[in-house]
Amino acid sequence: MLKISEIQVPIGTRVYLPEKWHDLLVTFSKTPHYPYAYEVTQVQKDGKDKYYVCTSEEKVKGKKLTIAFSEHAIRYLLAPEVPESNTGFSFKEFLPNDRTSVVLTNIKNPNEMIAGVFHVEVVLMPEELITFIFVVENDIGKGFTDVTYYDSVRKFNWKFLDGDESYMTDYEKMFKDTIVHRMFVTQSVEKLARYLEGKGAIRNAKALRQRATVHDISKLTCEDELRALSHIINDKSSLQDCNKQLTPIKKDAIELHWKHNTHHPEHFQTPIDMSRIDIMEMCCDWYARSMQYHTNFLEFVQKQQETRFHFPDWMFAEIMHYCQVLDSKL
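Cut-offs and rules
Residues numbered from 1 in each chain as written. Predicted model: local features only at pLDDT ≥ 70, side-chain atom pairs only at ≥ 80, totals over all residues. Heavy atoms only, no water. Buried < 20%, exposed > 50% of the residue type's maximum accessible area, 1.4 Å probe, protein only. Helix = DSSP H or I, 4+ residues; strand = E, 2+ residues; numbered from the N terminus. Arc of directions from axis to C-beta. Contact = heavy atoms within 4.5 Å. Axes fitted to C-alpha atoms, helices over the stretch in contact; angles between N-to-C directions. Parallel < 35°, antiparallel > 145°, perpendicular 65-115°, else oblique. Nonpolar A, V, L, I, M, F, W, Y, C, P; charged D, E, K, R; others polar.

Participant: When you look at helix H7 (residues 223-230) in this model, what are you seeing that I'm missing?
Facilitator: The periodicity of an α-helix, 3.6 residues per turn, causes residues three or four places apart in sequence to face the same way. Turning to H7, its buried residues number three or more, namely Glu225, Leu226, Leu229 and Ser230. Around the axis of H7, the buried residues are gathered within 130° of arc, so they sit on the same side. On its buried face, H7 is in contact with strand S8 (113-125), helix H4 (170-198), helix H6 (218-221) and helix H9 (248-260).

Participant: Explain unusual backbone geometry to me, please; I cannot follow it from the model alone.
Facilitator: Only a minority of non-glycine residues have a phi that is not negative, and only a minority of peptide bonds are not trans. At His294, a position not held by glycine, the phi torsion is positive, near 55°. Turning to its location among the elements, His294 is positioned in the loop between helix H10 (276-293) and helix H11 (297-309). Take His294: its relative accessible area is 72%, and that puts it in the exposed class. Non-glycine residue His310 carries a positive phi angle of around 55°.

Participant: Please clarify how the packing of H4 against helix H5 (residues 202-214) should be interpreted in this entry.
Facilitator: Each pair of packed helices can be summarised by the angle the axes make with each other and by the distance between the axes. H5 packs onto H4 with a crossing angle of 175° between their chain directions and a minimal axis gap of 8 Å. Considering their axes alone, H4 and H5 lie roughly antiparallel with respect to each other. Of the residues in H5, those touching H4 at Arg182, Thr186, Val189, Glu190, Leu192, Ala193, Arg194, Leu196 and Glu197 are Ile202, Asn204, Ala205, Leu208, Arg209, Ala212, Thr213 and Val214. By residue class, the composition of the contact of H4 with H5 is 9 nonpolar, 3 polar and 5 charged.

The structure is reproduced here in C-alpha cells:
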C-alpha cells in the first residue's frame, strides 16, 4: 500500500517508468523507442483533474518525447510504501499496489459497492497525449472507470478484497464472499465444461459457461437479497460442516436468493423440475464452496442427500456423477 497524500510534484520532478508501464506504453504507441526517464515540464487541468506532462530526458531520432500522467499515476510512482490496513481509505490518501483486487464502498450510501481490480491503463487524452491513468476494472459487467470518478465525482473508499475481514461491515463481508465464490464457481464450471466437451456435449458446455457469468448475480444486483444474507454471513457452520443443517433463521434469510436462482432445488416445488443445466450449475456451486472452505466434497454431497434434499435415486445418480467428475483430477 502506498501513501500519496503528502506527495508534491513540482515542475522538474524526475519520473522513471517501471518495466510493465514501459511495456504498456510501447504496446499502445506501437513504437519500441520510448525512453524510461522523464521530467515534469507542465501541469494541465481538466476540470478537477490534474495531468502532469512529462518530457523524456533523452532524445529519440533527434527530439524529446512527451507523455502525461494523471495525479494518481504520478503519485503512485513517487509514493513510499506503508504497512497495509483494511480500515478503508480514499484514493486521495492511499493507493493499493497495481493489479490489486479491491472493494469500493459509497461513503454516503454504504449499500452501494463495487468490486474490481485497481490497475494502470494507458489512454489518449485531449491534444493526442498518451497518458497513464489508474482505473478500477469492474468485476461485474465490462469496462473500467478512472479512480478520479470515485474521488471527485462520487465519494467512495476502498478496501482490499482479500484483506482483514474484521474491518469490514457484514454487508461488505457478504459482498466479498459472493465475489470470491463466483471466482471458484467459474473454475468449477470450466472443469465440468471441459469434461462435457470431451463427451461431445458442446451445447451443454456452452450453456454451463454462460451460467457461470451470471451465477449468484442476484446477490450483487438485489439490495434486499444482499442485506438479508449479510445477517447470516458470520455463521458459516453449514458451509464448513456437512453435519450442520440450515437453521430456520438462515432459511428465512436465504429464501429470496432461492427464489431468484434455479440452481437451488428450493427454487422449485419439487427438485425433479430442475433442468440438466440447473443440476450441473448446482454441482459446480457445491464444489466451489468445497474449494472455498476446504471441506470433503463428496461427503458433503452424500450428507446433503440424506438429510436435506432427498433427490430421487435416478436423479441423485446423475448428480453424483457430475460431482465425481468435479472431484477427480482431470
